[in-house]
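# Fold and geometry: a report
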Amino acid sequence: QKEVEQNSGPLSVPEGAIASLNCTYSDRGSQSFFWYRQYSGKSPELIMFIYSNGDKEDGRFTAQLNKASQYVSLLIRDSQPSDSATYLCPLQGYSTLTFGKGTMLLVSP
Amino acid sequence: DVKVTQSSRYLVKRTGEKVFLECVQDMDHENMFWYRQDPGLGLRLIYFSYDVKMKEKGDIPEGYSVSREKKERFSLILESASTNQTSMYLCASSTPYGGLAGRASTDTQYFGPGTRLTVL
């Protein structure tokens, strides 16, 4: 059974700070790792994906992958109140994604 | 841009009714998915389809069935709705092709806006 573990939060950070979100996963066979953002009452939307060890940057977002330790993280620099949402890091299966419960991020002005 | 649409944003039905939830995608994606999302439980996969007329059970298929007669359309059916099927239902689509170029990779799932179903 593939599993992904996330701290449900809420993670509270002040505006302008760096928010750090983490996921650990159970399956060494996954090739790609995703980060989705879900605002309250809305559907998940893709932030970025990462498939090789190391860092991948996209604007204020940096994804970090460590396959040996089986974790993936997301750093949000200069956090804004509009970043307040639940963040999901699904585990890739064979054409499917297994979602954890997500981490709620609250950015206070 | 990928667009996934769902037939209703809000739906109220009575126990025992047959309920149809429709999903349409316009990106010629091979894969389509139905999830339900409940507070504290996250997104759970009900069924998915990787081709027309093909379907696979997800983690919680009991009480549901699906239909995929055309590539762009995937329907979720509640044969006899029950109160424990009150939930947010999300449809998604993806393609197994395209590689790892650009912002999205193979198997990136694109979600519809969701249908909030209440069964009384």
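What comes next concerns the included structure. (Residues numbered from 1 in each chain as written. Chains lettered and ligands numbered in written order. Predicted model: local features only at pLDDT ≥ 70, side-chain atom pairs only at ≥ 80, totals over all residues. Heavy atoms only, no water.)

## So, the nonpolar core
Note the following rule: As used in this record, nonpolar core signifies buried Ala, Val, Leu, Ile, Met, Phe, Trp, Tyr and Cys residues forming a set joined through side-chain atoms within 4.5 Å. Exposure is judged per residue with a 1.4 Å probe applied to protein chains only, and the accessible area is read against the type maximum: over 50% gives exposed, under 20% gives buried, and values in between give partly exposed. Strands are runs of DSSP state E lasting at least two residues, helices are runs of H or I lasting at least four, and both sets are numbered from the N terminus onward. What makes two residues a contact is simply this: any of their non-hydrogen atoms within 4.5 Å.
Trp-35, Val-72, Leu-74, Ile-76 and Tyr-87 of chain A are the most contacted members of the largest nonpolar core, which has 23 residues in total. Those elements that place two or more of their residues in this core are β3 (19-25), β4 (33-38), β5 (45-50), β7 (61-66), β8 (71-76), β9 (85-88) and β12 (103-108) of chain A. The greatest single-element share of this core, amounting to four residues, is contributed by β3 of chain A. In this structure Val-72 of chain A touches Leu-21, Asn-22, Cys-23, Tyr-25, Phe-33, Trp-35, Ile-50, Gln-64, Leu-65 and Cys-89 of chain A, once residues within four positions along its chain are discounted. Membership of the second largest hydrophobic core comes to 20 residues, among which are Leu-11, Tyr-47, Ala-81 and Leu-117 of chain B.

## With respect to the state of the cysteines
Formally: Note on disulfides: each one is a pair of cysteine sulfur atoms within 2.5 Å.
Applying the stated criterion across every chain, the model contains two disulfides over all chains. Two residues, Cys-23 of chain A and Cys-89 of chain A, share a disulfide whose sulfurs are 1.5 Å apart. Sign of the S-S torsion, about -85 degrees for the bond between Cys-23 of chain A and Cys-89 of chain A, identifies this disulfide as left-handed. Note that Cys-23 of chain A is positioned in strand β3 and Cys-89 of chain A in the loop between β9 and β10 (91-92), a separation of 66 residues in sequence. For the residue pair Cys-23 of chain A and Cys-89 of chain A, the accessibility class agrees, reading buried in each case. There is a disulfide in this structure between Cys-23 of chain B and Cys-91 of chain B, and the S-S distance comes to 1.8 Å.

## Remarks on the sheet that holds β7 of chain A
Residues and elements named next belong to chain A. Formally: Pairing between two strands requires that DSSP report at least two bridges joining them. Axis lines are fitted through C-alpha atoms, for helices just across the contact stretch, and the angle between N-to-C directions can take any value from 0 to 180 degrees.
With antiparallel pairing, five strands are arranged side by side in an open sheet as β1-β3-β8-β7-β6. Single-partner strands in this sheet number two, and they are β1 (4-6) and β6 (54-58). The mean angle between the axes of side-by-side strands here comes to 20 degrees, regardless of whether they run parallel or antiparallel. Bridge analysis of β1 against β3 gives three bridges, and the strand direction is antiparallel. Paired with Val-4 across the bridge in β3 is Tyr-25.

## Observations concerning the interface of chain B and chain A
Often, the extent of an interface is quoted as the loss of accessible area upon association of its parts. Heads up, the rule is: Joining two parts hides part of their accessible area as seen by a 1.4 Å probe, and the buried area is that hidden amount summed over both. Two N or O atoms count as a polar contact when they lie within 3.5 Å, although within protein this holds only if one can serve as hydrogen donor and the other as acceptor, and sequence-adjacent residues are included solely when both atoms are side-chain atoms. Under the grouping applied here, Gly and all other residues not named as nonpolar or charged are polar, the nonpolar ones being Ala, Val, Leu, Ile, Met, Phe, Trp, Tyr, Cys and Pro and the charged ones Asp, Glu, Lys and Arg.
Taken together, the contacts link 26 residues of chain B with 21 residues of chain A. Across the interface of chain B and chain A, roughly 1,900 Å² is buried in total on both sides, 53% from carbon and sulfur atoms. Counting across the chain B and chain A interface gives four residue pairs in polar contact (both at pLDDT 80 or more). Of all elements in the fold, only β4 (31-38), β5 (42-49) and β9 (87-94) of chain B reach the threshold of two or more residues within the side of chain B that touches chain A. Split into classes, the residues belonging to the side of chain B that touches chain A amount to 13 nonpolar, 10 polar and three charged.

## Here we look at the sheet that holds strand β3 (residues 19-25) of chain B
All names here are of chain B. Taken in spatial order, the four strands of this open sheet run β1-β3-β8-β7, and their pairing is antiparallel. Looking along the sheet, the strands with just one partner apiece sit at the ends: β1 (4-6) and β7 (65-70). Ignoring which end each strand starts from, the neighbouring axes of this sheet average 20 degrees apart. Relative to strand β8 (residues 73-78), β3 is paired through six bridges, and the arrangement is antiparallel. Residue Val-24 lies in a different strand from β8, and its bridge partner there is Arg-73.

## Quick look at the environment of Ser-82 of chain A
Tracing the sequence through the fold places Ser-82 of chain A in the loop between β8 and β9. Sequence separation between Ser-82 of chain A and Leu-106 of chain A is 24 residues; the distance between their C-alpha atoms is 9.1 Å.

## Points about the environment of Thr-103 of chain A
Residues and elements named next belong to chain A. Here Thr-103 shows up in strand β12. A C-alpha to C-alpha distance of 7.4 Å links Thr-103 and Leu-21, two positions 82 residues apart in sequence. Polar side-chain contacts of Thr-103 include one of 2.4 Å to the backbone oxygen of Asn-7.

## Overview of the pattern of salt bridges
In a structure, side chains of opposite charge can pair up when their charged atoms sit close to one another. Residue and element names in this part refer to chain B. Spelled out, the test is: By definition here, a salt bridge exists when the distance from a side-chain nitrogen of Lys or Arg to a carboxyl oxygen of Asp or Glu is within 4 Å.
Scanning all chains against the criterion turns up 10 salt bridges over all chains. One salt bridge connects Glu-79 with Lys-18, and the closest N-O pair in it is separated by 3.5 Å. Linking Glu-79 in the loop between β8 and β9 with Lys-18 in the loop between β2 (10-13) and β3, this pair joins segments that are 61 residues apart in sequence. By relative accessible area, Lys-18 is classed as partly exposed at 45%. The residue Arg-73 makes a salt bridge to Glu-22 at a minimum N-O spacing of 3.1 Å. Taken together, the positions of Arg-73 in strand β8 and Glu-22 in strand β3 put the pair 51 residues apart, joining distant regions of the chain. According to the relative accessible area criterion, Arg-73 is partly exposed, its value standing at 35%. Owing to a relative accessible area of 25%, Glu-22 belongs among the partly exposed residues under this scheme. Sharing partners across several salt bridges, the network here consists of Asp-28, Glu-30 and Lys-71.

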